[in-house]
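Residues per chain, in single letters:
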Amino acid sequence: MEKIDVFAHVLLPKFYKKMLKINSNIPKDIPFINNEVLTDMQKRRENRLEEVKQIITYVNVNPEDYTDEITSYELCKEANTELIEIIRENPDMFYGGVAMIPMNNISKAIDIIENQVLKNQELLGIQLFTRALGKSIADEEYEKIFEIANKYHLIIWLHPVFDERKPDNNIVFSWEYELSMAMMQIVERGIFKKYPDLKIIVHHAGAMIPFFAGRVKYILGPEKEKDFKKFYVDTALLGNSQALDLAANYFGISHLLFGTDAPLGIMPAGATKEIIEAINQMNVSEEDKEAIFKNNLFRLLKEREGNHE
């Protein structure tokens, strides 16, 4: 069965070289990016599963964290161009990509959406992070991005970053907390109420939300619980079919999409095999598994295409 991995990562070489010129400490400061498969497409090819095509997003090397608003805009635009080129050169490996936008330059972020994302079929949406420039992604400064995504029926990929105010950040638990908090902040800001056509894919199966469903329901209330269930989530849990069953029960099968976080998680190229096995062990029908592996994504993309005819 063909499978589409909705949340795989790259750090493409031209973009990375430019970022290293700005800050040579990036690989030291972000050690998990020191994985050749992020940058070397031949090594990626050597480690791929033929049945899987990936949707690729850039790892957490965001230009706005390192440079001014004009330079970050140019870097994002060039990074997206490189992403498009790689996808066109490797159609057997990649189903599409997710654009990078400069969060220190919202007007130019919108320019990228309107003049790069919407005009290139390889770019399926935009990636946002749980925080940007020290603020929650739900901060009113960034609301225009949600408004534009809603207007164009553009899918948002939501990825975690560390909250640098915290002294004990770690790769095991912190990102799941940050995703959960960002989801709550989006809900509490009424983003889904204002923008009812918004589609957001959250990494790591919706993080803590399915496990704490009762607390969400009884502390935040039924109206906010409805908004939590509007998120789409991927399967990037490094396995764990019971947790995936929990996510499917909470968000619904139609909101669960195959995603692996490749090539991160398990060296050298990620946990694709382990996650496929976990999905196959879920307590769901074969039809539901096919929906998770590809059909839910196809439906989301068809909704976007249908609103641009």
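Calculation rules
- Residues numbered from 1 in each chain as written.
- Predicted model: local features only at pLDDT ≥ 70, side-chain atom pairs only at ≥ 80, totals over all residues.
- Heavy atoms only, no water.
- Helix = DSSP H or I, 4+ residues; strand = E, 2+ residues; numbered from the N terminus.
- Contact = heavy atoms within 4.5 Å.
- Axes fitted to C-alpha atoms, helices over the stretch in contact; angles between N-to-C directions.
- Parallel < 35°, antiparallel > 145°, perpendicular 65-115°, else oblique.
- Left-handed = near helix turned anticlockwise from the far one by under 90°.
- Nonpolar A, V, L, I, M, F, W, Y, C, P; charged D, E, K, R; others polar.

A. Seen up close, the side chain of histidine 159. Structurally, histidine 159 is set in strand β7 (residues 155-159). Apart from the residues lying within four places of it in its own chain, the contact partners of histidine 159 are Phe7, His9, Asn60, Gln127, Leu128, Phe129, Thr130, Trp175, Leu179 and His203.

B. Molecular detail of unusual backbone geometry. Put simply, alanine 262 and proline 263 share a cis peptide bond, and its omega is 5°. Looking at where proline 263 falls in the secondary structure, it is placed in the loop between β10 (256-257) and α13 (272-280). Omega for the bond connecting methionine 267 with proline 268 falls within 30 degrees of zero, at 0°, which places this linkage in the cis form. Relative to the helices and strands, proline 268 is located in the loop between β10 and α13. Located in the positive-phi region is leucine 133, a residue other than glycine, with phi close to 55°.

C. Structural context of the packing of helix α6 (residues 106-117) against helix α7 (residues 143-151). Contact pair α6 / α7: the axes reach a minimum separation of 10 Å and the direction vectors enclose 20°. In terms of their interaxial angle, α6 and α7 are classed as roughly parallel. Crossing angle aside, the handedness with which α6 passes α7 is right-handed. In this structure, α6 contributes Ile106, Ala109, Ile110 and Ile113 to the contact, and α7 contributes Lys144, Ile145 and Ile148. Split into classes, the residues belonging to the contact of α6 with α7 amount to six nonpolar, no polar and one charged.

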